[in-house]
Amino acid sequence: MENGAPTAKPVIVAIDGPSGTGKSSTSKAVAAQLGLSYLDTGAQYRAITWWMVSNGIDLEDPTAIAAVAGKPEIVSGTDPAAPAITVDGVDVAGPIRTQEVTSKVSAVSAVPEVRSRITELQRSLASGAERGIVVEGRDIGTTVLPDADLKIFLTASAEARAARRSGELKGADVQATREALIKRDAADSSRKTSPLAKADDAVEVDTTELTLAQVIECVVTLVEEKRAGK
Ligand SMILES: Nc1ncnc2c1ncn2[C@@H]1O[C@H](COP(=O)(O)OP(=O)(O)O)[C@@H](O)[C@H]1O
Ligand SMILES: Nc1ccn([C@@H]2O[C@H](COP(=O)(O)OP(=O)(O)O)[C@@H](O)[C@H]2O)c(=O)n1
C-alpha cells in the first residue's frame, strides 16, 4: 500500500430468495448501515418488463421478447437511501410495481437474452462499487456473482410472505396474494436459465419468526465477521 491508511477491500454481498422474504428491506438497511452500494435486480427485470408492456410486445412469445431485449436502456442507481431506476431516461420506480408488471415479469425474466443483458449490467455495477455492494435477487449467489464474499438465502413461510405483501398493497386479499406469490415462485424456480436457487455456500436465514430488525442485525454481523476474516 502506498503512503496513507490501508483501504478496506470492497465487500460483495449476495442476498437471494423468493418474494416477500425481506430481501429489499434487509439489503437496503445493511448497505446503508455499512456504507455500501445497493442493487435491486428485481427492479431491473421489472423495468424491462414495463418497457415490453408499454411497447406492445407479445409476452407469450419468447422469440419476440428476445428480439427486443437489447433495446431499452436501463439505468439503476445504487444509493440505498434513494434507489432509482430509469428506462430510456424515464423514471419508472412507480410503474414497475403495478399488478400488471408483477404478473408478467416471470415470463420476461425467463428469456435467456433478457438475462444475459441484465446480468452484464449487474456485474458492471458490482465491479464499479468502490466500497462494495449488497445485490439482491434470485440468482446472484449462483450465477451473477458466484465469487461473492457472503451469500445469504432468505426464506419465510408462504403465509408470512403473503401477509407482508398484502399489508404493503393496502389490504389486498391475503389468499389471492399468497396464490400469486406461489405461482411466481414456481415460474422463477423452474425456468431453465439461472432459476431462483440457493447457492451451495449460501447461509440460509428463515425470517418467518424474525423481525426485520433481527434479520438486518444477523446479516450485518455476518458481513462484519467476513470482513474480520472469521
Ligand atoms: N422479518 C420481517 N418481519 C415482518 N415484516 C417484514 C420482515 N421483513 C420484511 N418485512 C416487510 O415485508 C414486506 C416485503 O419485504 P421486502 O423487503 O420487499 O421483501 P422482498 O424484497 O424479499 O420481496 C415489506 O413491507 C417489509 O417491510
Ligand atoms: N435476480 C433476479 C431478480 C428478479 N428476477 C425476476 O424479477 C421478478 C421480480 O423480482 P422482485 O425482487 O422485484 O420481486 P419481489 O420479491 O419484490 O416481489 C421475479 O419474480 C423474477 O421473475 C429474476 O429473475 N432474477
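Residues numbered from 1 in each chain as written. Chains lettered and ligands numbered in written order. Predicted model: local features only at pLDDT ≥ 70, side-chain atom pairs only at ≥ 80, totals over all residues. Heavy atoms only, no water.

Looking at an unreviewed UniProt entry, one finds the protein named Cytidylate kinase, with Streptomyces collinus as its source organism. Note on the protein: under the UniProt heading Subcellular location (unreviewed entry), the record states "Cytoplasm". Turning to the protein, the UniProt annotation filed under Sequence similarities (unreviewed entry) states: "Belongs to the cytidylate kinase family. Type 1 subfamily." (UniProt positions renumbered as here; feature names shortened; annotations may be inferred.)

Caption draft 1: How the structure looks around the UniProt feature "binding site: ATP" (unreviewed entry) in the protein. Under the present numbering, the feature "binding site: ATP" (unreviewed entry) in UniProt falls on G17, P18, S19, G20, T21, G22, K23, S24 and S25. Here G17 is to be found in the loop between β1 (11-16) and α1 (23-34). If we ignore the near neighbours within four places in the chain, the residues touching G17 are K23, G137, R138, F153, L154 and L196. Secondary-structure assignment places G20 in the loop between β1 and α1. For G20, a relative accessible area of 10% gives the class buried. Here G20 is in contact with R161, R164 and R165, once residues within four sequence places are set aside. (Helix = DSSP H or I, 4+ residues; strand = E, 2+ residues; numbered from the N terminus. Contact = heavy atoms within 4.5 Å. Buried < 20%, exposed > 50% of the residue type's maximum accessible area, 1.4 Å probe, protein only.)

Caption draft 2: How the structure looks around the site of ligand 2. Taken together, 19 residues are adjacent to ligand 2, and S19, R46, R115, R184 and D188 come closest. For ligand 2, an oxygen atom lies 2.6 Å from a polar atom in the side chain of D188. Side-chain polar atom of R191 to an oxygen atom of ligand 2: 2.9 Å apart, as the coordinates give it. In isolation ligand 2 has 530 Å² of accessible area, and contact with the protein removes 98% of it. Taken together, the elements giving at least two residues each to the shell around ligand 2 come down to α2 (41-54), α4 (99-109) and α8 (174-190). (Near = heavy atom within 4 Å. Polar contact = N/O pair within 3.5 Å; in protein donor to acceptor, adjacent residues only side chain to side chain. Areas by Shrake-Rupley, 256 points an atom, 1.4 Å probe, with all protein chains shown as cover.)

Caption draft 3: Layout of the packing of α1 against helix α9 (residues 212-227). Viewed as axis vectors pointing N to C, α1 and α9 meet at an angle of 50 degrees, and their least axial separation amounts to 9 Å. Regarding the angle of α1 to α9, the classification is oblique. In the packing of α1 onto α9, the handedness of the crossing is right-handed. On α9, the residues touching S25, T26, A29, V30, Q33 and L34 of α1 are L212, V215, I216, V219, V220, V223, E224 and R227. (Axes fitted to C-alpha atoms, helices over the stretch in contact; angles between N-to-C directions. Parallel < 35°, antiparallel > 145°, perpendicular 65-115°, else oblique. Left-handed = near helix turned anticlockwise from the far one by under 90°.)

Caption draft 4: Highlighting the site of ligand 1. Contacts to ligand 1 come from 16 residues, most closely from G20, K23, S25, R165 and L210. Take T21: an N or O atom from its main chain is 3.2 Å from an oxygen atom of ligand 1. With the chains in place, 77% of the 560 Å² that ligand 1 exposes on its own is no longer accessible. Residue composition of the shell around ligand 1, by class: 4 nonpolar, 8 polar and 4 charged. (Nonpolar A, V, L, I, M, F, W, Y, C, P; charged D, E, K, R; others polar.)

Caption draft 5: Up close: unusual backbone geometry. With phi around 50 degrees, D88 is a residue other than glycine that occupies positive phi space. As for its position among the elements, D88 is in the loop between β4 (85-87) and β5 (90-91). By relative accessible area, D88 is classed as partly exposed at 44%.

Caption draft 6: Just the nonpolar core, in detail. Residues M52, I65 and V114 are the most contacted members of the largest nonpolar core, which totals 21 residues. Of all the secondary structure elements, the ones that give two or more residues to this core are α2, α3 (62-68), β4, α4 and α5 (112-128). In terms of residue count, the dominant contributor to this core is α2 (6 residues). Discounting chain neighbours no more than four positions away, the residues touching M52 are I57, L59, I65, V68 and A69. Grouped together as the second largest cluster of nonpolar side chains are 19 residues, I15, A31, L36 and V219 included. (Core = buried A, V, L, I, M, F, W, Y, C linked by side-chain atoms within 4.5 Å.)

Caption draft 7: Focus on helix α7 (residues 158-168). If you check which residues of α7 are buried, you get A158, A160, R161, A162 and S166. Tucked inside the fold, the buried residues of α7 contact α8.

Caption draft 8: The side chain of K151, seen in detail. For K151, the location among the structural elements is in strand β7 (residues 150-155). Assessed through its relative accessible area of 7%, K151 is described here as buried. Polar side-chain contacts of K151 include one of 3.0 Å to the backbone oxygen of G141. K151 has contacts with A14, G141, L145, P146, A199, D201, A202 and V203, leaving out every residue within four places of it along the chain.

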